[in-house]
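# Summary of the model geometry
The lines below spell out each chain.
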Amino acid sequence: MPLYAGVCETNITPPPGIWMGGYAARPGVALGVHDELRARAFVIDDGTQRAVIVAADVIAFPLAMSQRIRQEIADALDTTPDAVLLNASHTHGGALTGIYREMGEPDDAYLSVLTRKIIGTALQAAQTLTPVVLTYGVSSAQIGVNRRQTLPDRKTVLGMNTAGAVVPQVQAMCATGFDGSLLALLFSHACHPTTMGGENRLFTAEWCGAATEMLAKKLEREAAEAGRPNSTVPIFLQGCAGDINPIRRGDWEAVRENGRQVAVAADAARWNAHGRLAETISAEEITLDLPCADGNRLPFAIQHLTLGGIHLLGFPGEMFAEYALAFARMTQAPMISLGYTNGCHGYIPTSEAFAYGGYEVSDAAYYYQTPALTPECDSLLQSAVEKLLA
């Protein structure tokens, strides 16, 4: 039986006048909208198993919101919550969703609407299922730099570490109809959407939104030139970007250029996509108890989807780039590692990072209102992923 897939997208732009997430130093509430924020859903079914991927232009999903959305989608679409993946772009130009302290107060009315819209988008995607073929491609790109810079006095600051790890690629998964038309282009890159700083008070999907919009326009032009309607939905998925910041920062032109580079690479990855992948889907989730510095344990759920032989790993945290590189070495199959998925417990440093301290290791836990982790978490995570891939 062939794979069947459907897509849908909706506008989730918040109203001006509510607090934005991402920067504690922001001087006040949002004053307006620079560009629209969106949620996009991709539903895929092999006749036995159904999986749902939702990508949204939000800073992060609170755990309770994530659990509710995943359960309601699963119930409505006759699947299980571990087959529903929620990925936040981590834009610092979206609404405060309630995870962080010292960034204002979340707007409960907006969060209620956001929850209903995301659930509805997934359900609508499931109404449009059509036979598809999956392909996978990759292309080089690097808009970011490792931000953990160690100074001569061994103090680690948020700066530029050009020797540090990055994930210099865009990965793409294409769902193409039997008539040759591209239904969905899911693409992933790892970089913080922090081109604009805390002085910005306009809602924006940041470079992630710029890349998606540029791809959408290009695909629309291609469809017009071919004389067919355009039905392709580009869907951005944020990777393991915990220690990666954009190289270009500070203005809207930098946002556009960062987006352009990722869009060009995603389009190249689309054309590099090859091979008809398997027509099977699987989903599983395991929960680790990660040791914390205060002696407590943090429940940390790792999601594993396989779509036609492509591995997708979802982590509810700001995973360092080194993890994505390590996980990719564990298999010869395509591997897409995603942070900010199904919630966000804070930064997940590697064991080596603890010796250098810095914001992600020591300070960020205050804003996340979660305990800091310990170096032992690294080996626990790697062992768990090895078991999932076995």
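Please refer to the structure placed before this passage.
One structure accompanies this document, and this report is about it. Since the model is a prediction, treat every value here as computed from it, not as a measurement. (Residues numbered from 1 in each chain as written. Predicted model: local features only at pLDDT ≥ 70, side-chain atom pairs only at ≥ 80, totals over all residues. Heavy atoms only, no water.)

When helices and strands are counted, the protein chain shows seven helices and 19 strands. Buried positions account for 58% of the 390 residues belonging to the protein chain. Taking the contacts inside the protein chain whose residues are at least 6 apart along the sequence as the reference set, 77% of them involve residues at least 24 apart. Within the protein chain, one finds 27 positive and 40 negative side-chain charges whose respective centroids are separated by 4 Å. (Helix = DSSP H or I, 4+ residues; strand = E, 2+ residues; numbered from the N terminus. Buried < 20%, exposed > 50% of the residue type's maximum accessible area, 1.4 Å probe, protein only. Contact = heavy atoms within 4.5 Å. Lys, Arg positive; Asp, Glu negative; His and termini not counted. Charge placed at Lys NZ, Arg CZ, Asp CG, Glu CD.)

For the pair helix α3 (residues 206-226) and helix α4 (residues 252-272), interaxial distance at closest approach is 7 Å and the crossing angle is 50°. The angle between α3 and α4 falls in the class oblique. Taken as a pair, α3 and α4 cross one another with a handedness that is right-handed. Listed contacts from α4 to Glu-206, Trp-207, Ala-210, Ala-211, Met-214, Leu-215, Lys-218, Leu-219 and Glu-222 of α3 are Val-255, Arg-256, Asn-258, Gly-259, Arg-260, Val-262, Ala-263, Ala-266, Asp-267, Arg-270 and Trp-271. Of the residues in the contact of α3 with α4, the class split is eleven nonpolar, two polar and seven charged. (Axes fitted to C-alpha atoms, helices over the stretch in contact; angles between N-to-C directions. Parallel < 35°, antiparallel > 145°, perpendicular 65-115°, else oblique. Left-handed = near helix turned anticlockwise from the far one by under 90°. Nonpolar A, V, L, I, M, F, W, Y, C, P; charged D, E, K, R; others polar.)

A separate point is the sheet that holds strand β13 (residues 244-246). Judged by pairing direction, the sheet is antiparallel, and its three strands sit side by side in the order β8-β7-β13 without closing on themselves. At either end of the open sheet lies a strand with only one pairing partner, and these are β8 (156-161) and β13. Mean inter-strand twist for the sheet, computed between neighbouring axes without regard to direction, equals 50°. Two elements, strand β7 (residues 144-150) and β8, share four bridges in a ladder whose sense is antiparallel. Bridge pairing in β8 links Arg-148 to Leu-158. (Pairing = 2+ DSSP bridges.)

What follows covers the sheet that holds strand β15 (residues 297-307). Read across the open sheet, the four strands follow the order β14-β15-β16-β18; overall the sheet is mixed. Of all the strands in the sheet, just β14 (281-291) and β18 (335-338) have a single pairing partner and so form its edges. Neighbour-to-neighbour, the strand axes of the sheet open up by a mean angle of 15°, direction not taken into account. Sheet topology places strand β16 (residues 310-314) next to β18; four bridges connect them, and they run parallel. Residue pairing for β18: Leu-312 is matched across the bridge by Ile-336. Together, β14, β15, β16 and β18 form the strand contacts of helix α7 (residues 377-389), whose direction differs from that of β14 by roughly 160°.

Our focus in this paragraph is the nonpolar core. With 97 residues, the main nonpolar core has Phe-61, Ile-73, Met-319 and Leu-381 as its most contacted residues. The element best represented in this core is helix α2 (residues 108-126), accounting for eight residues. Look past the residues within four positions of Ile-73 in its chain and what remains in contact with it is Val-52, Val-54, Val-84, Ile-118, Ile-119, Ala-122 and Leu-123. By size, the runner-up hydrophobic cluster in this structure holds 28 residues, among which are Met-173, Leu-186, Val-233 and Leu-237. (Core = buried A, V, L, I, M, F, W, Y, C linked by side-chain atoms within 4.5 Å.)

Attention shifts here to the side chain of Asn-245. Topologically, Asn-245 is positioned in strand β13. Under the relative-accessibility criterion, Asn-245 is labelled buried at 7%. Polar contacts involving the side chain of Asn-245 include one to the side chain of Arg-147, which spans 3.2 Å. Polar side-chain contacts of Asn-245 include one of 3.2 Å to the side chain of Thr-194. Ignoring sequence-local partners within four residues, the contact set of Asn-245 consists of Ile-143, Gly-144, Val-145, Arg-147, Cys-191, His-192 and Thr-194. (Polar contact = N/O pair within 3.5 Å; in protein donor to acceptor, adjacent residues only side chain to side chain.)

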